[in-house]
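# Architecture and fold: a report
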Amino acid sequence: SDRILIAPRETFRSDESFTRTLLHEMTHSTSHPSALDRPCNTDFGSPEYAKEELVAELGSLFASADLGIQSADMEGAFYDNHVAYLKSWIHALEDDPDYLFRASSKADKASAYLMERYEAVLEKGREEPEQVQAKVSLRSEAAAMRRAADAQPSVLITAPDLVQSAR
């Protein structure tokens, strides 16, 4: 199927943490042939998988910055967890030290792709005056995500079949 499954909102410590994880998984989805067609090996532990994880982590950070998602979560334990996560993949990248630059470029393209899609959805909503549009904010988006998580065991998001569950 063509979707991302992510743990329910209440399993995350904050709206920002949930949203960043979702953006990470959405960045993976941009590897799909119908999106950016980025080669992606999903064999856990392989060097190719490590490289895709780096793209997804950077893409999440770039998209978070584009959306203005900043909080104390990028300090302390949350930051340490991200550093530890990335360090766990360093050994797979050691044979290709230039990959950081290529991964940053791929992550930038993925983030831009996601933002273009997001803006297109917002624009489509503006073009449909018969629908009352709520002000879009992180708070309202997070509330909607919580309601969706409460309604079902997992949140279903249209995206490629690349990621089976949030890490």
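Note: the structure precedes this text.
Quick summary incoming for the structure in this document. Just so it is clear, the structure is predicted and the values come from calculations on it, not from any experiment.

## Focus on helix α2 (residues 47–67)
With 21 residues, α2 ought to run about 30 Å at 1.5 Å a step, and its terminal C-alpha atoms sit 30 Å apart, in line with that. G68 sits one or two residues past α2 and shows a positive phi near 75°.

## Notes on the packing of aromatic side chains
Summed over all chains, the structure comprises one aromatic pair. Ring geometry for F12 and F18: centres 5.2 Å apart, planes at 85°, overall edge-to-face. An identical accessibility class is assigned to F12 and F18; each is buried. The ring of Y99 has K51 sitting right over it, with the charged end atom 5.2 Å from the ring centre.

## Points about the pattern of salt bridges
Across all of its chains, the model carries four salt bridges by this definition. For D15, the salt bridge is made with R9, and the minimal N-O distance between the two is 2.8 Å. Looking at D15, the relative accessible area reads 19%, which means it is buried. Across the salt bridge formed by R38 and E52, the nearest N and O atoms sit 2.9 Å from each other. You can see R38 sitting in the loop between α1 (15–29) and α2 and its partner E52 sitting in helix α2, a full 14 residues away along the chain. Because the salt bridges share partners, they merge into one network encompassing K51, D96 and R102.

Conventions we followed
Residues numbered from 1 in each chain as written. Predicted model: local features only at pLDDT ≥ 70, side-chain atom pairs only at ≥ 80, totals over all residues. Heavy atoms only, no water. Helix = DSSP H or I, 4+ residues; strand = E, 2+ residues; numbered from the N terminus. Expected span 1.5 Å × (residues − 1). Phe/Tyr/Trp six-rings, centres within 6.5 Å; stacked < 30°, edge-to-face > 60°. Buried < 20%, exposed > 50% of the residue type's maximum accessible area, 1.4 Å probe, protein only. Lys NZ or Arg CZ within 6 Å of the ring centre and 35° of its normal. Salt bridge = Lys/Arg side-chain N within 4 Å of Asp/Glu carboxyl O.

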